[in-house]
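# Structural characterization, general
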Amino acid sequence: MMLTTAFLLFKKHWSAYGVYAIFIVVTLVWSLWESGFYWWALATRLGFPLIFGLLMLLPWVSKKMHGKHAQVTTTNNTKKSPLYYWGLMASVVVGALLSFGSMANNATDKLGELDLTAKDDGDQNATSTNLGDPLSNGEQTPDGEWSAYGRTDYGQRYSPLTQINTENVKDLELAWQIQTGDIKGPNDVGETTYQATPLKIGNALYMCTPHNWVLALDADSGETLWKFDPKVGENLQRQHQTCRGVSYYAGQAGTNSTTPAANANTETASNSAVSDTTDNNVVAANKPAATGDTLVQKIAGNTFENPSKQCDAKIFIPTSDAKLYALDPKNRTTLSRLW
């Protein structure tokens, strides 16, 4: 139908408008049937057809059509545009209204509640408080850790921690901040941005910068424990100079990436993040969040220069020059490099 429309437009015949109106109606019905009332799906299916139809409706296009009714507007010497024109306008307007109207509909939103008290005691339908499959070493993500972009591989972005809540969040103060030193250079693309979600594993936060540096930071003080700079350099041919995060592999079962024993030892400490306030007398729990026993060493310099080694747990970082590095999360070293 697109080819037919193009041929009739080339011949400057009004029937091109009728054919294209039918095409838009058919495309609209198909789009709603296949994707539902969902903005992103409708936009990709209807965007180009509606834009092209809108261009056909412009006066300097329609005035070139042959026939008695060759004018869009009505004057003393001409008649109204034919039905084909108004049919195409109606189909474009309806398609646009349905497309933009779908923005108000959250097609992926699922309302409900999670039973956070259920346990995985042989019941495959039960829900654990970790809301995710175990890590590769067989252990669940400890409550005080964030081992994936969405905390777990399920991606709920849900933390079971309760020490900070809606009542005491106003009492939080800045604990530390960091300047990574990775800044936009003269030969970088315009979109050079920080968009990373840090991972919290053991005593460290793992983050990446626009030029794919990986930093391990002490979660309590913000001190840089080690830095990995793959030296990707500047390149104006890249569309983006951005890193959105690293990935964590905990190792195989039987390793000490995260262990219940370490969690139990951590729970014996007594440091409170939020103290009693005179305004509302809100007191946070003394028991700190359980974390794994991944203790990161402080290493000076760029660990990119250090020799490779073997270990089980890994931090993965993809780079903008099409390489993938696996790093030892504890003490700096490049484990492998793929490209």
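A quick note: this is a predicted structure, and the numbers were derived from the prediction, not measured.

### What about the state of the cysteines?
If you walk through the whole model with that rule in mind, you get one disulfide. One disulfide in the model links Cys-208 with Cys-243; its S-S distance is 2.0 Å. Its S-S torsion of about -95° marks the bond between Cys-208 and Cys-243 as left-handed, since a negative value means left-handed. Pair noted here: Cys-208 is in strand β3 (residues 204–208) and Cys-243 is in strand β6 (residues 241–243), with a separation of 35 residues, a long-range link. We classify Cys-243 as buried; its relative accessible area is 4%.

### Some thoughts on the confidence of the model for the protein
Keep in mind that low pLDDT regions are not for reading the predicted coordinates in detail. Model confidence for the protein is summarised by a mean pLDDT of 76, while 69% of its residues fall at 70 or above. Contacts of residues 68–79 to residues separated by more than four positions or lying in other chains number 21 contacts, the stretch itself having pLDDT below 50. Counting contacts from residues 253–287, a segment whose pLDDT is below 50, to residues more than four positions away or on other chains yields 66 contacts.

### A closer look at the packing of aromatic side chains
Working definition: an aromatic ring pair is given by the centre-to-centre distance plus the angle between the planes. Applying the stated criterion to the full structure yields 11 aromatic pairs. Relative to Tyr-85, the ring of Trp-14 lies with its centre 6.2 Å away and its plane at 90°, an arrangement referred to as edge-to-face. Note that Trp-14 is positioned in the loop between α1 (2–10) and α2 (15–35) and Tyr-85 in helix α5 (residues 83–101), a separation of 71 residues in sequence. Relative to Trp-86, the ring of Tyr-85 has its centre 5.1 Å away and its plane inclined at 85°; by these criteria the two rings are edge-to-face. Assessed through its relative accessible area of 3%, Tyr-85 is described here as buried. Judged by its relative accessible area of 39%, Trp-86 falls in the partly exposed class.

### Considerations on the side chain of Glu-145
Within the secondary structure layout, Glu-145 lies in the loop between α5 and β1 (192–194). At 4.8 Å, Lys-200 is the nearest oppositely charged side chain to Glu-145, a buried residue that forms no salt bridge.

### Considering the environment of Trp-213
Here Trp-213 lies in the loop between β3 and β4 (214–218). Trp-213 gets classed as buried once you look at its relative accessible area, which sits at 13%. For the pair Trp-213 and Lys-231, spaced 18 residues apart in the sequence, the C-alpha separation amounts to 8.1 Å. Polar contacts involving the side chain of Trp-213 include one to the side chain of Asp-229, which spans 3.1 Å.

### A few points about the sheet that holds β3
Taken in spatial order, the four strands of this open sheet run β2-β3-β4-β5, and their pairing is antiparallel. In the strand order of this sheet, the two ends are held by β2 (199–201) and β5 (224–228), each with one partner. Neighbouring strand axes in the sheet, compared pairwise and without regard to direction, differ in orientation by 20° on average. Two elements, β3 and β4, share five bridges in a ladder whose sense is antiparallel. Along β4, the bridge assignment pairs Leu-205 with Leu-217.

### Notes on the packing of α2 against helix α3 (residues 39–56)
Between α2 and α3, whose axes approach to 10 Å, the crossing angle comes to 170°. By the angle between their directions, the pair α2 and α3 is classed as roughly antiparallel. Considering only the axes of α2 and α3, their crossing is left-handed. Counted together, Ala-16, Tyr-17, Tyr-20, Phe-23, Ile-24, Thr-27, Leu-28, Trp-30, Ser-31, Leu-32, Glu-34 and Ser-35 of α2 and Ala-41, Leu-42, Arg-45, Leu-46, Phe-48, Pro-49, Leu-50, Phe-52, Gly-53 and Met-56 of α3 form the full contact between these two elements. Counted by class, the contact of α2 with α3 contains 16 nonpolar, four polar and two charged residues.

### Considerations on a nonpolar patch on the surface
Residues Met-1, Ile-22 and Val-26 make up a contiguous nonpolar surface patch of about 280 Å² in total accessible area. Structurally, Val-26 can be placed in helix α2. According to the relative accessible area criterion, Val-26 is partly exposed, its value standing at 49%.

### Re the nonpolar core
Ranked by internal contacts, the top residues of the largest apolar core, which has 20 residues, are Tyr-206, Val-246, Ile-317 and Leu-327. Elements represented by at least two residues in this core include exactly β2, β3, β4, β5, β8 (314–318) and β9 (324–327). Core analysis: the second largest hydrophobic core is formed by 19 residues, Trp-14, Ala-21, Leu-50 and Met-65 among them.

Rules of the game
- Per chain, residue numbering runs from 1 following the sequence as it is written.
- Side-chain atom pairs in this predicted model are given and counted only at pLDDT of 80 or more, local residue features only at pLDDT of at least 70, and totals for whole chains, interfaces and linings cover all residues.
- Computation of side-chain values: all heavy atoms of the structure, hydrogens and water removed.
- Two cysteine sulfur atoms form a disulfide, by the criterion used here, when they sit within 2.5 Å.
- Numbered from the N terminus, helices here are DSSP runs of H or I no shorter than four residues, and strands are runs of E no shorter than two.
- Categorising residues by exposure relies on relative accessible area from a 1.4 Å probe, with only protein chains included: less than 20% of the type maximum marks a residue as buried, more than 50% marks it as exposed, and the intermediate range marks it as partly exposed.
- Values of pLDDT, the confidence the predictor places in each residue, fall between 0 and 100.
- Residues are treated as being in contact if the distance between any of their heavy atoms lies within 4.5 Å.
- By convention, a stacked pair of Phe, Tyr or Trp rings (six-membered ring in the case of Trp) has centres within 6.5 Å and planes under 30 degrees apart, an edge-to-face pair has planes over 60 apart, and any other such pair is tilted.
- For the purpose of counting charges, residues Lys and Arg are taken to be positive, whereas Asp and Glu are taken to be negative. His and the chain ends are not included.
- We count a salt bridge whenever a side-chain nitrogen from Lys or Arg sits within 4 Å of a carboxyl oxygen from Asp or Glu.
- Polar contacts here mean pairs of N or O atoms no more than 3.5 Å apart (in protein, one a potential hydrogen donor and the other a potential acceptor; neighbouring residues in sequence count only if both atoms are side-chain atoms).
- Pairing between strands is defined by DSSP: at least two bridges between them are needed.
- An axis is simply a line fitted to the C-alpha atoms; with a helix, the fit covers only the stretch in contact. Between two such axes, the angle follows the N-to-C directions and lies from 0 to 180 degrees.
- Each angle receives one of four descriptions, namely roughly parallel if under 35 degrees, roughly antiparallel if over 145, roughly perpendicular if within 65 to 115, and oblique otherwise.
- By definition, turning the near helix anticlockwise from the far helix through less than a right angle yields a left-handed crossing, and turning it clockwise yields a right-handed one.
- Ten residue types, Ala, Val, Leu, Ile, Met, Phe, Trp, Tyr, Cys and Pro, are classed as nonpolar, four, Asp, Glu, Lys and Arg, as charged, and the remainder, Gly among them, as polar.
- Here the term patch refers to residues with relative accessible area over 30% and no salt bridge, with like charges joined within 9 Å and nonpolar side chains (Val, Leu, Ile, Met, Phe, Trp, Tyr) within 5 Å.
- Here the accessible surface of atoms and residues is derived via Shrake-Rupley with a 1.4 Å probe, and residues count as covered only by protein chains that are part of the display.
- Think of a nonpolar core as a cluster: buried Ala, Val, Leu, Ile, Met, Phe, Trp, Tyr and Cys residues, connected wherever their side-chain atoms sit within 4.5 Å.

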